[in-house]
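Residue-level structure breakdown
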Amino acid sequence: MDTKFMSQRIGKAFRKFFRSGSGKMAFVGAVILVIFVISAVLAPHISPYDPTKRVGRAFTPPNSKHWFGTDNLGRDMFSRVLHGARIALLIALLAVVIASAIGIPLGLLSGYIGGPLDRVLTLVMDAIYSFPGLILAIAVAAVLGTGIVNIAISIAVVYAPTYFRVIRNQVASIKSELYVEAARALGANNWTILIKYVLPNVLPSVVVVLSMNLADAIMTEAGLSFLGLGIAPPTPDWGYDLSNGQRFILMNDWWMIMFPGLAIIILVLGFSLFSEGMNEYLNPNVGQQE
Amino acid sequence: MKDSALVAVENLVKHFPVRMNFIQMLFTREKKKVHAVNGVSFKIEEGQTLGLVGESGSGKTTTGRLVLKLIEPTDGRIKFMGKDITPLKPKEMRPLRREMQIVFQDPLASLNPYMKIGEAVRHPLVIHKIGRNRIQQREMVLEMLEKVNLRPPEEFYNRYPRQISGGQRQRVVIARALITRPKFVVADEAVAMLDVSIRSQLLKLMVDLKKEFNLTYLFITHDLATTKYICDRIAVMYLGHIVEEGSFKDIYSEPAHPYTKALISAVPEPDPKIMKTKKKMIPSGEVPNAIEPPPGCPFHPRCPHKKAVCSRTFPEVVEISEGHKVACHIYARR
């Protein structure tokens, strides 16, 4: 049934490519994401050079040997951008997993139990939420130090309140639904009601928040690396390459920042298009209008 | 002394606090309350059906929820199978829920949209640990689905609530309520949202199931006509009070309370000739606000037979014939 569902959706998106906005958006987003994921997974096999070694003359503009040119140390930019996708996706995924692992259970409890616990948790989460994201991530990253897991944690701290707020508000409204009262009348305990009746009804909105947060997480990760708080230098990373390349912008070496920058923009765009399109698909009211 | 009644309710009261904003809080000393249920008493013998009739806002749905302790009563006592369940905590109520069930008005809203029908009906068995394993539970579910005329049951088992019709959904809800073989079922406007043709089918199903499982119903409705098929006794509610209670025949052919008379006169008659000659007496005005109910008899502002005493004291309940009780000053003993 699921495969039928998906194929119908994709087929529909094809047919309404120029008519239905949401179908087009989700489809284009999905294509971008698939391309990036494939290149990240296959990076060691498809990249022409080792991204951390000197493979040609420094500051070579893009040519047939080095499609994206080389940087100040003679490293192949194309290989670095390909490998950069690995780091970006890995950290973004890890950050989103950690953020949802914190935000979803707390949101469920807070919305379902309510009372003083809800007020305290909401206050704490709102306090975190009110910080500008990058500044909070910088502060946490500065404390934790560099490394993939540490960066993921510092990004997760920024995004956990988003999950918390979405889940909490949904749970608070689902709690008063008739099927929850019916479950109570059946004799179900609170835990069962929460897992079997409330959680499945909030998950669709989590999917949307999840893909939107992935986009944000990639930008935050690039921002941290740009500021030197990200991954240690020899590892290929878009944010680091950007900050490295901008030092030579006055020498007109545009390729060093253009390609990592484009990679970030396109990947973020892919996530945004996908989540926006999915949002409209998953929203039953929009679906019925078709 | 053992009480023969399966369900007995004594002087049940439920007040809901009214939400006020900050400014209102500053200027009001006492908290405002909605007087949803104001001292309701009734008994239901095992195997009987009590119809609770009243217009919207009369507190009949609140009464149904109170009897099952889905909400806590402000005052009064609820006895189930001779046991006082009023002081029980929600946790202590859980095992008892196997014996008492509820069918709500809106079948779509009372089913989890992400739960397949078979799973929804099986869930009570999981909760109360009935049946040895999944396979046996599945068998029980299929049997139950067949009993509520969802055939073939295998086909319905794997569907989602949105994929079936309203009448079928209500059958699923009934199957879910009855799978633990309860003794007592509250039907809260259970057929009100369905088409007239499906309504009679479901009423017939409920009567059949009642015989088969020896059920006791509290049948809540605003529609006097549907009580004809299913109820042994009828209690008429008005603004949180039971104003008249009696056998189906008492209420229908010899209504005593002015409000009941008005209700009966409003039931449409299939024969247009009788309908034309039938004397209608629709009470003037609207149902008073339950936040500030009128003093004395709740019906007095609209009553055609109003006396001076009506606005001062609440009438005593008088038994005018065997089992036919009325709360009205007209019948008060002098």
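Predicted model only: the values in this text are computed from it and were never measured.

**Some remarks on the side chain of Arg199(B)**
Residue and element names in this part refer to chain B. Along the chain, Arg199 falls in helix α8 (residues 196-213). Residue class for Arg199 comes out buried when judged on its relative accessible area of 18%. Here Leu194 takes part through its backbone oxygen, which lies 3.2 Å from a polar atom of the side chain of Arg199. Among all residues touching Arg199, those that are not within four sequence positions of it are Val191, Ala192, Leu194, Asp223 and Thr226.

**A closer look at the nonpolar core**
One finds Val198(A), Trp238(A), Ile174(B) and Leu209(B) to be the most contacted residues of the largest nonpolar core, which totals 126 residues. The biggest single contributor to this core is helix α3 (residues 77-113) of chain A, with 16 residues. With residues up to four places along the chain from it excluded, the contact list for Ile174(B) reads Val103(B), Val148(B), Leu202(B), Leu205(B), Met206(B) and Leu209(B). Val9(B), Leu12(B), Leu52(B) and Leu70(B) belong to the second-largest nonpolar core, a separate cluster that totals 34 residues.

**Here we look at the interface of chain A and chain B**
Often the size quoted for an interface is simply the accessible area lost on bringing the parts together. On the chain B side, the residues contacting the 17 residues of chain A number 21 residues. For the pair chain A and chain B, the summed buried surface comes to about 1,900 Å²; carbon and sulfur atoms form 62% of the total. When the buried area of chain A at its contact with chain B is split by residue, Leu178(A), Ala185(A) and Leu186(A) rank highest and sum to 32% of it. With a shortest N-O distance of 3.3 Å, Arg65(B) and Glu181(A) are connected by a salt bridge. For the interface between chain A and chain B, the tally reads 7 residue pairs in polar contact (both at pLDDT 80 or more). Among the elements of the structure, α7 (178-186) and α8 (190-226) of chain A are those that each provide at least two residues to the side of chain A that touches chain B. Across the side of chain A that touches chain B, the residue classes break down as 9 nonpolar, 5 polar and 3 charged.

**Some details on the pattern of salt bridges**
Residues and elements named next belong to chain B. One pass over the structure, following the stated rule, counts 19 salt bridges over all chains. Asp84 is the partner of Arg77 in a salt bridge, and the nearest nitrogen-oxygen pair spans 3.1 Å. By relative accessible area, Arg77 is classed as partly exposed at 37%. In this structure, the salt-bridge partner of Glu119 is Arg122, at a minimum N-O distance of 3.1 Å. Taken together, the residues span about one helical turn, with Glu119 and Arg122 both in helix α4 (residues 117-127) at a distance of 3 residues. On the basis of relative accessible area, Arg122 is assigned to the buried category, the value being 6%. A cluster of three or more residues bridged by salt bridges with shared partners is formed by Glu10, Arg77 and Asp84.

The rules behind the values
Residues numbered from 1 in each chain as written. Chains lettered and ligands numbered in written order. Predicted model: local features only at pLDDT ≥ 70, side-chain atom pairs only at ≥ 80, totals over all residues. Heavy atoms only, no water. Helix = DSSP H or I, 4+ residues; strand = E, 2+ residues; numbered from the N terminus. Buried < 20%, exposed > 50% of the residue type's maximum accessible area, 1.4 Å probe, protein only. Polar contact = N/O pair within 3.5 Å; in protein donor to acceptor, adjacent residues only side chain to side chain. Contact = heavy atoms within 4.5 Å. Core = buried A, V, L, I, M, F, W, Y, C linked by side-chain atoms within 4.5 Å. Buried area = accessible area lost by both parts, 1.4 Å probe. Salt bridge = Lys/Arg side-chain N within 4 Å of Asp/Glu carboxyl O. Nonpolar A, V, L, I, M, F, W, Y, C, P; charged D, E, K, R; others polar.

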